[in-house]
Amino acid sequence: MDNVQLAGKPAQKSGKMSFQDMILTLHNYWSEQGCLILQPYDMEMGAGTFHTATTLRALGPEPWNAAFVQPCRRPTDGRYGDNPMRLQHYYQYQVILKPSPANLQQLYLDSLSAIGIDPLLHDIRFVEDDWESPTLGAWGLGWEVWCDGMEVTQFTYFQQMGGYDCKPVAGELTYGLERLAMYIQGVDSVYALDFNGRPKGEGGVTYGDVFHENEVQQSTWNFEVANTDMLFDLFKKATAECENCLEHKLPLPAYEQAVKASHIFNLLQARGVISVAERQAYMGRVRDLAKGACEAWIDKNKERWASEYKGWSV
Amino acid sequence: MTDFLLEILSEEIPARMQAKARTDLEKLFVTQLGDAGLKAEGITVYSTPRRLALIAKGLPAETEAVSEEAKGPPEGAPDQAVDGFCRKNGVTRDQLEVRDVKGRPTYFAVIDTPGRATTDVLAEAIPAIIKAFPWPKSQRWGDASITTESLRWVRPLQGIVAIFGDELVECEIGGVASGYDTVGHRFHHDGVITIGGVDDYIEKLRACHVIVDHEERQDIVGAGAAKAASDAGLALVEDEGLVIENAGLTEWPAPLLGRFDEAFLDVPEEVIQLTTRINQKYFVVRDGTGKLTNAFVCTANIDAHDGGKAIVAGNEKVLAARLADAKFFWDLDQKTTLEQHAEKLKDIVFHEKLGTVADKVERVAKLARWLCEEGIVGNSFSLEGEGGAAAPDEGALAKETPHTLTQPSPSREKAELADMAEQAARLCKADLVTEMVGEFPELQGLMGGYYAEKEGLPAEVSDAIRDHYKPVGQGDEVPTAPVTVAVSLADKLDTLAGFFAIDEKPTGSKDPFALRRSANAVIRTLVYSNIRLPMHSFALNEANMLCEHYPVESEIIIVRDTLDRLGEFAEVQVQNRAANYALHELRGETDAPIDLGYMYVLLDFFADRLKVQQREAGVRHDLIDAVFALGGEDDLVRLLARVKALQTFVETEDGENLLAGYKRASNILKKSSIPGEDPESSADAVQDGPGLLLSQEHGALPYTPEPAEAELTAALDAAEPKAATAIAAEDFAGAMAALASLRGPIDRFFDDVTVNDDDPAKREARLGLLVRVQNAVHSVADFSKIEG
């Protein structure tokens with residue numbers, strides 16, 4: 001009887017949720033909470049926070065509720081597919097709610113229940129972890145959420161973005177999807193994650209099937225092969241183009257160039273060609289660009305915002 | 001009398017902020033109520049991750065009624081004046097009383113301020129306390145945060161329970177209104193809990209899986225963790241900080257024992273302990289033999305329905321990943337030698353004006369070698385550390401004659417020592433660029449030591465690399481192994497001299513480069529092993545190196561020529577502060593941006609640190625001043641020996657009397673308008689005896705001296721050379737003893753002889769004698785600086 005399956009319903013190993021079902025469940029859950037379900041930003045970025053749906057939408061008075069998956073690239077975290085928990089490419093599930101609702105913690109905890117985490121079986125904790133992104137000129141207070149000692153989510157009340165006070169404050173939830181899935185499925189390696197919930201031989205695919213080779217190749221390129229002259233050149237070009245966009249009062253294209261510069265900087269770091277002394281200067285450069293884009297975004301909108309939202313000012 | 005309960009509920013308060021929050025809550029509450037004239041019989045404050053609670057016992061139901069009187073104008077004063085008086089005191093004219101004041105009928109207003117209900121006072125106090133709360137970091141949240149004026153709290157505020165007796169204290173702040181309801185444990189209890197008041201608060205919450213009392217939770221964590229370990233036949237490594245932190249992270253703490261793979265025990269103990277403690281807040285555990293073992297204790301916040309199996313499994317997995325990372329770093333770091341790691345120090349700026357860490361390492365290496373080659377470090381160790389309490393014995397102080405008994409072949413040993421010190425110095429900062437120290441900066445030094453050991457470097461070298469940051473704080477161990485001492489001193493001295501040379505010295509509470517700590521460490525190391533470091537030679541040496549390191553076009557240019565001249569000059573004049581002025585003049589001729597006079601500023605800085613440090617050891621700061629005032633002393637060990645001999649001496653009867661005699665002599669000299677000698681130039685004065693009075697040769701008096709006069713002269717004739725010889729031999733106790741012999745003659749001199757004799761020749765000669773007394777005393781210390 002146990003082997004009987006309903007047609008069209010994906011099988012789940014030991015009844016545990018697959019990686020893709022987890023994403024679908026979160027989409028459903030946050031959609032029901034009134035969030036827009038957006039798609040990933042189509043650029044390489046180090047965190048979901050870089051998505052314009054987070055950074056730029058955190059500015060200004062307009063309510064904004066959105067959820068999306070964002071692929072993240074962290075070249076220096078690559079381990080050639082050898083480390084069971086470290087990847088240079090992975091997924092974050094990002095939720096942004098502005099203004100932050102009074103029951104945000106409960107909404108979050110309910111989302112964990114939705115993906116099958118029982119808070120009386122697993123130890124869920126809110127541990128102080130204030131968030132700061134020097135490259136975005138942003139900071140907030142919040143926690144890293146622990147599940148049995150593992151950080152599974154970053155929970156932040158944005159206080160500033162691009163150097164501007166957030167008015168109102170947005171709540172940001174960043175779930176580490178692979179980590180959560182490893183928990184739910186009880187596997188020790190990210191590569192062993194059940195991606196689609198089908199048994200092996202019946203179309204079952206693991207995370208490793210999809211991404212292991214990518215980790216090996218990308219790690220090799222990030223650490224050993226990437227042409228650093230080309231990267232330095234790209235960094236220069238991206239920063240120049242960002243300034244060009246800012247001159248033409250185009251905050252969105254300007255912001256994209258800043259994101260590009262940020263990623264190229266990360267690649268240069270992975271290649272080990274940026275000295276500790278230079279590091280600060282590069283980060284400062286990216287920060288100035290990102291801040292410039294935020295400033296241009298505010299300039300473009302502030303009159304409308306002030307007229308539509310009484311009591312709001314930059 | 002009524003009890004009051006306040007609970008401020010919020011989202012999770014950082015554990016590290018809770019202790020101060022409790023104190024602040026009590027302080028603010030006491031102030032607020034005090035302003036209204038209320039005082040509780042007792043106050044208790046509690047904290048959990050989600051709540052701050054305060055219980056005030058024995059408050060009156062209302063504030064006391066106050067009756068005050070105000071004297072007004074006399075009866076019959078103009079209406080305007082009387083009306084004004086009434087307005088001012090809030091009374092009507094018919095309420096005024098008329099009393100007799102010195103025969104004049106005068107208006108009085110009696111103002112009765114009735115008592116205020118305590119609930120009213122509390123209703124005002126609570127929002128005021130919340131608004132004024134001094135969180136180290138606070139935030140805005142929610143709809144109200146559309147302006148930056150909205151309420152700030154450590155995390156979003158969620159509820160206020162305020163009950164006086166059984167009566168609700170009604171108040172509201174930031175959209176949160178007070179009530180009887182609170183919540184229980186986040187996961188063990190759904191819905192609200194209605195609190196009746198102080199009496200049922202703690203127990204109702206306990207029934208809902210919340211232990212309000214942080215101390216009770218701390219006990220549970222501490223005892224529970226110890227029990228979890230002992231149940232497994234192991235011993236918990238106690239850690240009060242972790243106990244408090246875990247109690248601040250839980251409302252219902254449940255310590256659980258977990259295990260990790262034994263293979264990770266290859267990684268140094270300190271690394272395991274650090275990653276476990278800092279990243280995961282786990283306790284570590286030792287086995288029966290006292291060795292760190294493959295177990296840990298974590299503290300959960302629930303009574304899991306599987307008894308905690310899943311929680312332990314989860315935590316084991318996390319720790320395994322952490323330890324795998326640590327092991328990855330440990331293995332990876334060892335694929336590169338320390339020498340290769342050290343190459344990368346060229347990329348790390350130490351300070352923009354002092355070059356890279358590689359530049360610093362170069363200076364430290366040379367300095368460490370110099371300290372050994374000069375015999376400053378390496379041959380004073382036969383003395384053993386005596387905490388600097390005793391005056392160093394003579395033999396060990398002569399640098400050229402190392403102890404042959406302990407060092408059979410001194411020159412070879414010296415060369416070997418210098419080589420090892422240089423090698424250790426060249427590698428001592430290499431671990432800064434290793435992965436492990438990148439991850440755990442606290443492990444600097446320690447990791448370098450481990451890696452050096454693994455490379456098979458001599459134990460002296462790896463020990464020196466490991467311990468060269470020592471002594472770090474007051475209680476830290478002072479290094480004594482010669483190679484370690486050389487590197488440790490060289491590192492700190494270079495830092496001090498470097499920052500003083502670029503005028504980055506500490507000011508007030510600002511000491512961004514922790515120079516005070518470095519100076520303290522240097523002093524402790526020198527004193528502990530009686531190390532004789534001539535500061536001036538060191539400072540010159542250092543200036544030379546700072547100069548060598550900088551290319552001509554660099555921001556710091558020390559003109560070589562200036563330095564060469566300074567070198568000669570300073571060697572000759574090193575005892576004299578006048579050199580400082582000459583240095584400035586020399587500097588004026590060039591554009592050298594390094595103030596070469598920094599060495600004197602640095603020496604003064606050391607004197608100040610010495611005073612602060614020795615004060616705690618019971619050494620009188622005025623005595624340190626008295627010795628420093630002589631100038632020219634640049635050897636802290638010798639200085640301290642002198643101070644200590646002086647302290648012993650002044651506390652004897654001889655010392656007290658000599659001090660009294662000295663002061664009497666000084667007073668007479670002051671009154672006689674013969675300028676007291678300036679101890680700043682006493683080094684010259686004692687030898688050369690400038691000035692009118694001392695030009696008279698001893699004994700060649702134009703009159704027959706009185707017996708007491710002759711006795712003092714003879715005593716001085718005897719004591720002066722004795723004291724001088726003793727001082728030259730650094731036998732300060734001997735010098736003091738020589739001076740003590742003056743005590744009787746001085747007393748008799750003052751008793752029997754009139755100094756201000758009518759005969760100018762006698763007067764002059766006797767004043768001259770007093771100057772001699774003063775000078776003799778100044779050969780040991782400037783007694784005018786001694787208090788009492």
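Reference entry: report on the structure contained in this document. (Residues numbered from 1 in each chain as written. Chains lettered and ligands numbered in written order. Predicted model: local features only at pLDDT ≥ 70, side-chain atom pairs only at ≥ 80, totals over all residues. Heavy atoms only, no water.)

1. Details of the overall build of chain B
And step 1. Helix and strand counts for chain B come out as 29 helices and 18 strands.
And step 2. Burial analysis of chain B (788 residues in total) assigns 52% to the buried set.
And step 3. For chain B, the accessible surface area stands at approximately 34800 Å², while carbon and sulfur atoms represent 50% of it. (Helix = DSSP H or I, 4+ residues; strand = E, 2+ residues; numbered from the N terminus. Buried < 20%, exposed > 50% of the residue type's maximum accessible area, 1.4 Å probe, protein only. Areas by Shrake-Rupley, 256 points an atom, 1.4 Å probe, with all protein chains shown as cover.)

2. Notes on the interface of chain A and chain B
And step 1. Between chain A and chain B, the residue contacts involve 47 residues of the former and 50 residues of the latter.
And step 2. At the boundary of chain A with chain B, total buried surface from both sides reaches about 3900 Å², with 56% on carbon and sulfur atoms.
And step 3. Three residues, L120, R125 and E128 of chain A, lead the burial of chain A against chain B; their summed loss comes to 16% of the area buried on that side.
And step 4. Connecting chain A to chain B are five salt bridges.
And step 5. One salt bridge in this structure joins K317 of chain B and D188 of chain A, with 3.7 Å as the shortest N-O distance.
And step 6. Where chain A packs against chain B, one counts 23 residue pairs in polar contact (both at pLDDT 80 or more).
And step 7. Of the residues in the side of chain A that touches chain B, the class split is 26 nonpolar, 10 polar and 11 charged. (Contact = heavy atoms within 4.5 Å. Buried area = accessible area lost by both parts, 1.4 Å probe. Salt bridge = Lys/Arg side-chain N within 4 Å of Asp/Glu carboxyl O. Polar contact = N/O pair within 3.5 Å; in protein donor to acceptor, adjacent residues only side chain to side chain. Nonpolar A, V, L, I, M, F, W, Y, C, P; charged D, E, K, R; others polar.)

3. Points about the packing of aromatic side chains
And step 1. Inspection of the entire model under this criterion finds 35 aromatic pairs over all chains.
And step 2. Ring centres of Y29 of chain A and W30 of chain A lie 5.0 Å apart, and the angle between their planes is 90 degrees; this geometry places the pair in the edge-to-face category.
And step 3. For Y29 of chain A, a relative accessible area of 11% puts it in the buried group.
And step 4. Residue classification places W30 of chain A among the buried positions, given a relative accessible area of 0%.
And step 5. Among the aromatic residues, those joined into a cluster by ring pairs are Y93, Y108, F126, W143, F155, Y157 and Y175 of chain A.
And step 6. The side chain of R99 of chain B reaches across the aromatic face of F108 of chain B, ending 4.7 Å from its centre.
And step 7. The ring of Y183 of chain A is capped by K317 of chain B, whose NZ or CZ atom sits 5.7 Å from the centre of that ring. (Phe/Tyr/Trp six-rings, centres within 6.5 Å; stacked < 30°, edge-to-face > 60°. Lys NZ or Arg CZ within 6 Å of the ring centre and 35° of its normal.)

4. Quick look at the pattern of salt bridges
Residue and element names in this part refer to chain B.
And step 1. Scanning all chains against the criterion turns up 60 salt bridges over all chains.
And step 2. In this structure, K611 and D608 form a salt bridge, with 3.8 Å as the shortest nitrogen-oxygen distance. Within this pair, K611 and its partner D608 are both found in helix α21 (residues 598-616), separated by three residues, close to a single helical turn.
And step 3. Judged by relative accessible area, which is 16%, K611 ranks as buried.
And step 4. Residue D608 is classed as partly exposed on the basis of its relative accessible area, which comes to 40%.

5. Structural notes on the sheet that holds strand β13 (residues 235-236) of chain B
All names here are of chain B.
And step 1. Here we have four strands laid out as an open sheet, ordered β13-β15-β16-β14, and antiparallel in their pairing. The open sheet has two edge strands, β13 and β14 (254-259), and neither has a second partner.
And step 2. Bridging between strand β15 (residues 283-286) and strand β16 (residues 292-300) involves three bridges; their strand directions are antiparallel. Counterpart to F283 in the pairing with β16 is V297.
And step 3. Of the strands in this sheet, β13, β14, β15 and β16 are in contact with helix α5 (residues 214-231), which crosses β14 at around 30 degrees.
And step 4. Together, β14 and β16 form the strand contacts of helix α8 (residues 309-333), whose direction differs from that of β14 by roughly 55 degrees. (Pairing = 2+ DSSP bridges. Axes fitted to C-alpha atoms, helices over the stretch in contact; angles between N-to-C directions.)

6. Description of the nonpolar core
And step 1. W30 of chain A together with F4 of chain B are the most contacted members of the largest nonpolar core, which totals 231 residues.
And step 2. Sort the elements by how many residues they give to this core and helix α16 (residues 482-501) of chain B lands first, with 11 residues.
And step 3. With residues up to four places along the chain from it excluded, the contact list for W30 of chain A reads C35, I37, A67, Y93, V95, L97, L107, Y108, S111, L173 and Y175 of chain A.
And step 4. By size, the runner-up hydrophobic cluster in this structure holds 48 residues, among which are L56, L136, A138 and W312 of chain A. (Core = buried A, V, L, I, M, F, W, Y, C linked by side-chain atoms within 4.5 Å.)

7. Description of unusual backbone geometry
All names here are of chain A.
And step 1. With omega at -5 degrees, the peptide bond leading from K98 into P99 counts as cis.
And step 2. The peptide bond linking K167 to P168 adopts the cis configuration, its omega dihedral lying at 0 degrees.
And step 3. Relative to the helices and strands, P168 resides in the loop between β8 (164-165) and β9 (171-176).
And step 4. One non-glycine residue with positive phi stands out, namely Y80, at about 55 degrees.
And step 5. Position of Y80 relative to the elements: it lies in the loop between β2 (64-73) and β3 (89-98).
And step 6. The residue K249 is not glycine, and still its phi comes out positive at about 55 degrees.
And step 7. Relative to the helices and strands, K249 resides in the loop between α5 (228-247) and α6 (251-270).

8. Digging into empty space enclosed by the protein
Once rolled over the atoms, a probe with the size of a water molecule shows which space is left empty.
And step 1. Here the structure, examined in full by the defined rule, presents nine cavities of 30 Å³ or more.
And step 2. The computed volume of the second largest cavity comes to approximately 130 Å³.
And step 3. Along the wall of the second largest cavity there are 17 residues; nearest its centre are R125 of chain A together with E12, P49, L249 and N301 of chain B.
And step 4. Here the lining of the second largest cavity gets five residues from one element, more than from any other, and that element is strand β4 (residues 124-128) of chain A.
And step 5. Residues of the lining of the second largest cavity, tallied by class, amount to nine nonpolar, two polar and six charged. (1 Å grid on protein atoms, 1.4 Å probe; cavity = no way out; pocket = protein on both sides within 12 Å on 5 of 7 lines; lining within 4 Å. Points joined across faces, edges and corners; volume = space filled by probe spheres on them.)

9. Looking at the pairing of β15 of chain B
Residues and elements named next belong to chain B.
And step 1. Sheet topology note: the β13/β15 ladder contains two bridges and is antiparallel. By the bridge assignment, A235 is partnered in β15 with R286.
And step 2. Taking the residues that link successive antiparallel strands as the turn, the β15-β16 hairpin has five residues, and the phi of G290 there is positive, at about 90 degrees.

10. Looking at the side chain of N301 of chain B
And step 1. Here N301 of chain B is to be found in the loop between β16 and α8.
And step 2. Relative accessible area serves as the criterion here: at 9%, N301 of chain B is assigned to the buried category.
And step 3. Within the local environment of N301 of chain B, its side chain forms a polar contact with the backbone nitrogen of W252 of chain B, the two atoms lying 3.1 Å apart.
And step 4. Look past the residues within four positions of N301 of chain B in its chain and what remains in contact with it is D123 and R125 of chain A together with H185, L249, T250, E251 and W252 of chain B.

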